[in-house]
Each structure stands twice: as C-alpha cells, then as structure tokens.
Amino acid sequence: MKRKFVLAVTGASGAVYAARLLNVLCAAGCDVHLTISSAAALVIEQELGVQVDLGGFDPAALLSGQKCEPGFGEVIYHHHRDLMAPIASGSSLTDGMVICPCSGGTLSAVVHGASTNLIHRAAEVQLKERRPLILVPRETPLSLTQLANMHAAAQAGALILPAMPGFYHGAKTLQDLVDFVVARICDQLHVENTLIHRWGAGE
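Let me sum up the structure you'll find in this document. In every chain, residue numbers begin from 1 and rise along the written sequence. Only residues with pLDDT of at least 70 get local features here, since the model is predicted, and only at 80 or more are side-chain atom pairs given and counted; chain-wide, interface and lining totals rely on the full set of residues. Side-chain descriptors were evaluated using all non-hydrogen atoms of the structure, hydrogens and water having been removed beforehand.

### Quick notes on the sheet that holds strand β5 (residues 133-137)
Where strands meet in a sheet, backbone hydrogen bonds hold them as pairs that are either parallel or antiparallel.
Part 1 of the reasoning: Sheet architecture is open: six strands sit in the order β3-β2-β1-β4-β5-β6, paired in parallel fashion. A strand with exactly one partner marks an edge of an open sheet, and here the two such strands are β3 (75-79) and β6 (159-160).
Part 2 of the reasoning: Here, strands pair whenever DSSP counts at least two bridges between them. The secondary structure listing takes helices from DSSP runs of H or I that are at least 4 residues long and strands from runs of E that are at least 2 residues long, numbered from the N terminus. Here strand β4 (residues 97-102) pairs with β5 via four bridges, running parallel. By the bridge assignment for β5, V98 is matched with I134.
Part 3 of the reasoning: Packed onto the sheet, helix α6 (residues 174-189) meets β1 (4-9), β4, β5 and β6 and runs at close to 165° relative to β5. In what follows, a contact means two residues having at least one pair of non-hydrogen atoms within 4.5 Å. Each axis is a line fitted through C-alpha atoms, taken for helices only over the stretch in contact, and angles between the N-to-C directions span 0 to 180 degrees.

Right, here's the structure in full:
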C-alpha cells in the first residue's frame with residue numbers, strides 16, 4: 001500500500017525545499033496531498049519562477065520533469081480554501097504532514113487552533129489524531145513570540161525542523177544544502193533516501 005502524506009507550502013522563503021521534497025516523496029512512491037497558500041504562490045513565483053494558479057494548479061510544474069512511471073507517487077492538489085478536501089477530516093488516513101516552509105503566521109494559527117484555511121485544519125487533524133506533523137520554519141532572527149509558538153507547537157506534538165542545512169556532509173553546491181534539509185524531513189517521515197552522506201558512513 002502506498003504511503004500518503006500532506007505537504008502544505010506557506011508564505012515563507014524557501015520554496016525550493018518544498019519543491020525538492022515533493023519530488024523526493026513522489027520518486028519514493030508516496031502519494032502527496034498538496035496545498036499552497038496565497039502567500040506561498042507569490043513566493044514560489046519569486047523564488048522558482050513558477051506561476052501558480054491556485055484555482056487550477058498543475059503540480060507537474062514543481063516536479064522537475066519527472067515522469068509518472070509505475071511506482072511514482074501521485075500528487076493530489078487541493079485549494080487552500082477547500083475545507084471539504086479529504087485531508088480536512090481525521091477519517092482520511094495519512095502517514096503525516098509537512099508544512100514546508102512554515103510561515104510565522106501559519107505557525108501561530110496551528111498553535112492556537114485558528115483553522116481559517118485547509119492548511120490550518122489539516123495540521124489540526126494531524127495533531128488531534130496523533131499523526132506526525134513537521135513544521136519547517138525558515139526565518140531569522142526569531143522573535144520571542146515565534147519562539148514561544150514553536151515551544152507550544154512542540155508541546156502539542158509537532159516536530160520543529162528549521163531549514164538549517166549542515167555542512168559536515170561535504171556540501172559543494174546549493175542543491176547539497178537543500179538536500180540536507182529535505183533528507184532530515186524524509187528521515188522523520190521514515191522515507192528512505194540517499195540524499196546526503198551520513199555522518200560516520202564510509203567513503
């Protein structure tokens with residue numbers, strides 16, 4: 001049975017992490033329910049040069065030309081205002097959710113249960129059903145409010161995984177730094193990957 005994840009993209013810098021994660025999950029044969037906030041659409045266009053029509057977005061625009069061959073995961077797109085989407089209900093089984101990148105506003109909404117869109121509601125579902133919820137903030141410096149919200153989110157059961165690439169794996173390119181963060185996300189989802197050279201592994 002295919003594993004199924006939710007990927008929400010919100011309006012913080014770091015759209016490249018979301019695009020790479022989507023590609024890796026699909027290549028691993030996982031189905032991905034994708035939703036994008038209106039602010040994220042602007043960031044994706046600014047950082048990746050991809051225009052996002054929220055009313056009818058084609059996920060292929062983020063899939064780097066990968067062919068949907070047997071074993072390749074399916075991407076199901078949901079408008080962020082569609083509260084009738086399956087991922088808005090706990091009865092729709094998923095293996096976890098990632099908000100990548102996670103804006104400060106989205107973090108606050110998740111922590112305080114302010115479900116004003118599908119992203120917030122889907123995150124609330126993950127927490128109430130005790131399923132993995134990974135938040136990937138990418139902002140610096142962090143305010144006291146953001147730090148308090150991260151603490152509260154962790155207490156509620158979310159995993160805080162900042163987009164903070166390491167350099168010990170022999171990073172030589174920007175892609176290496178992106179892959180480091182994506183590999184750590186995949187590790188938490190228990191999705192096998194070979195994106196990075198592991199610490200202590202042989203040459």
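Read on for the rest.
### Observations regarding a nonpolar patch on the surface
Part 1 of the reasoning: Surface patches are drawn from residues lacking salt bridges whose relative accessible area is over 30%; two like charges belong together within 9 Å, two nonpolar side chains (Val, Leu, Ile, Met, Phe, Trp, Tyr) within 5 Å. In these tables, accessible area is a Shrake-Rupley quantity obtained with a 1.4 Å probe, and a residue counts as shielded only by the protein chains included in the view. Criterion for a salt bridge: a side-chain nitrogen of Lys or Arg within 4 Å of a carboxyl oxygen of Asp or Glu. On the surface, a cluster of nonpolar side chains totalling about 300 Å² of accessible area is made up of L142, L144 and L147.
Part 2 of the reasoning: The topology assignment puts L147 in helix α5 (residues 144-156).
Part 3 of the reasoning: Judged by its relative accessible area of 42%, L147 is partly exposed. Each residue gets one of three labels from its accessible area relative to the maximum for its type: buried under 20%, exposed over 50%, partly exposed in between, using a 1.4 Å probe on protein chains only.

### Considerations on the packing of aromatic side chains
Part 1 of the reasoning: In summary, the pairing rule links any two rings of Phe, Tyr or Trp, Trp by its six-membered ring, whose centres are within 6.5 Å, and it sorts them by plane angle into stacked for under 30 degrees, edge-to-face for over 60 and tilted for everything else. For the structure on display, the rule yields three aromatic pairs.
Part 2 of the reasoning: Between the aromatic rings of F57 and Y77, the centroid separation amounts to 5.7 Å while the plane-to-plane angle is 65°, which identifies the pairing as edge-to-face. In this pair, F57 is assigned in the loop between α2 (38-48) and β3 and Y77 in strand β3, connecting sequence segments 20 residues apart.
Part 3 of the reasoning: Since its relative accessible area comes to 7%, F57 is described here as buried.
Part 4 of the reasoning: The interplanar angle of 85° and the centroid separation of 5.7 Å between the aromatic rings of Y168 and F180 together place this pair among those described as edge-to-face. Highlighted residues: Y168 in the loop between β6 and α6 and F180 in helix α6, separated in sequence by twelve residues.

### With respect to the side chain of T35
Part 1 of the reasoning: With respect to the secondary-structure elements, T35 resides in strand β2 (residues 31-36).
Part 2 of the reasoning: For T35, a relative accessible area of 0% gives the class buried.
Part 3 of the reasoning: Once residues within four sequence positions are removed from consideration, T35 is found in contact with L7, A8, V9, H78, H79, H80, L118 and I119.

### Describing the environment of T140
Part 1 of the reasoning: Here T140 shows up in the loop between β5 and α5.
Part 2 of the reasoning: The class of T140 is exposed, set by a relative accessible area of 64%.
Part 3 of the reasoning: Along the sequence, T140 and A163 sit 23 residues apart, while their C-alpha atoms lie 11 Å from each other.

### Topic: the nonpolar core
Part 1 of the reasoning: Membership of the largest hydrophobic core comes to 46 residues, with the highest contact counts inside it found for L7, L22, L25, L34, I36, V98 and I185.
Part 2 of the reasoning: At the level of secondary structure, the elements contributing two or more residues to this core comprise β1, α1 (15-27), β2, α2, β3, β4, β5 and α6.
Part 3 of the reasoning: When residues in this core are grouped by element, the largest group, nine residues, is from α1.
Part 4 of the reasoning: In terms of nonpolar packing, the next biggest core, distinct from the first, is built from 20 residues, M97, I99, C102 and A123 among them. In this description, a nonpolar core means a group of buried Ala, Val, Leu, Ile, Met, Phe, Trp, Tyr and Cys residues linked to one another through side-chain atoms lying within 4.5 Å.

### Notes on helix α3 (residues 104-112)
Part 1 of the reasoning: Of the positions making up α3, those classed as buried are T106, L107, A109 and V110. Along α3, the residues classed as buried sweep out an arc of 165° about the axis, all on the same side. Those residues of α3 that are exposed and aimed more than 90 degrees away from the buried face are G105 and H112.
Part 2 of the reasoning: Next to the buried residues of α3 lie β4, α4 (118-128), β5 and α5.
Part 3 of the reasoning: Looking one or two places after α3, you find G113, whose phi comes out positive at around 65°. The arc refers to the directions leading from the helix axis to the C-beta atoms.

### As for unusual backbone geometry
Part 1 of the reasoning: Between C100 and the following residue, P101, the backbone shows a cis peptide bond with an omega angle of -10°.
Part 2 of the reasoning: Between T140 and P141 the backbone carries a cis peptide bond, its omega angle lying at -5°.
Part 3 of the reasoning: For P141, the location among the structural elements is in the loop between β5 and α5.
Part 4 of the reasoning: Although it is not a glycine, R130 sits at a positive phi angle of roughly 60°.
Part 5 of the reasoning: Following the sequence through the fold, R130 ends up in the loop between α4 and β5.

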